[in-house]
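Examination of the molecular architecture
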Amino acid sequence: MIQSINNINFKAVRLVHNSQFSKSQKNVAEDIQAKLGKKGEEKDFVIEPLADDSVELSEVYNVKEKGVGVDKYIEYSNPLLIGRYNEENLFNYEDYTGKIKELYKDVAKMIASSIATIGLICLGFFLLTPKPNKAVKQAERVEILAKDSLQTLKQDSLKLTQESLRIFK
């Protein structure tokens with residue numbers, strides 16, 4: 001018994017089958033597939049027909065095939081429009097690499113602006129935070145209040161106490 005395997009993602013350049021491609025649109029789509037080459041096997045791309053015999057190429061993510069038989073279709077998310085092409089304006093691989101470089105530059109600018117904003121907020125908090133007062137050392141002035149009682153007695157009172165001690169002996 002053969003069982004189907006669901007949600008397996010095989011990378012490819014896909015044509016939107018529900019739409020009808022004219023002969024010139026098919027030629028342009030085949031040219032795109034040939035020029036994408038190896039990159040077309042590593043990433044998912046969708047080619048959709050437009051009016052005036054032109055096609056639209058987009059890189060897509062999270063591709064899933066749904067449905068069975070005639071009702072089979074693909075779902076994807078985050079399409080990155082690479083460009084619109086016709087027989088007069090053919091696809092060049094540099095269009096794809098230029099779009100990816102532009103995307104990376106935009107992401108780098110967003111990251112740099114986020115870091116700068118966070119840095120300015122931190123600097124603002126640093127400058128607005130009150131600094132603690134520094135303690136200034138002062139010379140201590142200690143007064144000795146309690147002095148030795150013998151030093152405070154006058155000289156004659158010492159003589160009296162010495163004489164009174166002799167009497168008692």
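So, here's what we can say about the structure. The structure displayed is predicted, hence computed values, not measured ones.

Quick look at the packing of aromatic side chains
One pass over the structure, following the stated rule, counts three aromatic pairs. Ring geometry for Phe45 and Tyr96: centres 5.4 Å apart, planes at 70 degrees, overall edge-to-face. Of this pair, Phe45 sits in strand E2 (residues 44-49) while Tyr96 sits in helix H3 (residues 93-128); the two residues are 51 residues apart in sequence, bridging distant segments of the chain. Of the two residues examined, Phe45 and Tyr96, each falls in the buried class. Here the aromatic rings of Tyr93 and Tyr96 are separated by 5.8 Å at their centres, their planes lie at 50 degrees, and the arrangement is tilted. Residue Tyr93 and its partner Tyr96 are both found in helix H3; the two are separated by three residues, about one turn of the helix. Tyr96 gets classed as buried once you look at its relative accessible area, which sits at 4%. One aromatic cluster in this structure is built from Phe45, Tyr93 and Tyr96.

So, the nonpolar core
Generally speaking, soluble globular proteins have nonpolar side chains that are buried together. One finds Ile32, Ile47, Val55, Leu57, Ile82, Tyr85 and Phe91 to be the most contacted residues of the largest nonpolar core, which totals 15 residues. Considering each element in turn, this core owes the most residues, four residues, to helix H1 (residues 23-36). Discounting chain neighbours no more than four positions away, the residues touching Val55 are Phe21, Gln25, Val28, Ile32, Ile47, Glu48, Pro49, Leu50, Gly83, Arg84 and Tyr85.

Brief notes about the pairing of strand E4 (residues 73-85)
In terms of strand pairing, strand E3 (residues 55-66) meets E4 through nine bridges, oriented antiparallel. Its bridge partner lying in E4, Val55 is registered against Tyr85. Between E3 and E4, which follow one another and run antiparallel, lie six residues, and Gly67 among them has a positive phi close to 85 degrees.

A word on the pairing of E2
Among the six residues of E2, five are classified as buried, and the element is accordingly described as predominantly covered. Where E2 folds back onto E3 in an antiparallel hairpin, the turn is made up of five residues, including Asp52, whose phi is positive at roughly 60 degrees.

Examining a nonpolar patch on the surface
The grouping of Leu120, Leu123, Phe126, Leu127 and Leu128 at the surface amounts to a nonpolar patch, some 610 Å² of accessible area in total. Looking at where Leu120 falls in the secondary structure, it is placed in helix H3.

Examining the side chain of Glu59
The residue Glu59 is located in strand E3 in this model. Here the side chain of Glu59 touches Tyr96 through a polar contact of 3.3 Å, side chain to side chain. With residues up to four places along the chain from it excluded, the contact list for Glu59 reads Lys43, Asp44, Phe45, Asn78, Pro79, Leu80, Ile82, Tyr96 and Ile100.

Criteria and thresholds
- Residues numbered from 1 in each chain as written.
- Predicted model: local features only at pLDDT ≥ 70, side-chain atom pairs only at ≥ 80, totals over all residues.
- Heavy atoms only, no water.
- Phe/Tyr/Trp six-rings, centres within 6.5 Å; stacked < 30°, edge-to-face > 60°.
- Helix = DSSP H or I, 4+ residues; strand = E, 2+ residues; numbered from the N terminus.
- Buried < 20%, exposed > 50% of the residue type's maximum accessible area, 1.4 Å probe, protein only.
- Core = buried A, V, L, I, M, F, W, Y, C linked by side-chain atoms within 4.5 Å.
- Contact = heavy atoms within 4.5 Å.
- Pairing = 2+ DSSP bridges.
- Patch = residues over 30% accessible without salt bridge, like charges linked within 9 Å, V, L, I, M, F, W, Y side chains within 5 Å.
- Areas by Shrake-Rupley, 256 points an atom, 1.4 Å probe, with all protein chains shown as cover.
- Salt bridge = Lys/Arg side-chain N within 4 Å of Asp/Glu carboxyl O.
- Polar contact = N/O pair within 3.5 Å; in protein donor to acceptor, adjacent residues only side chain to side chain.

Structural measurements only, silent on function.
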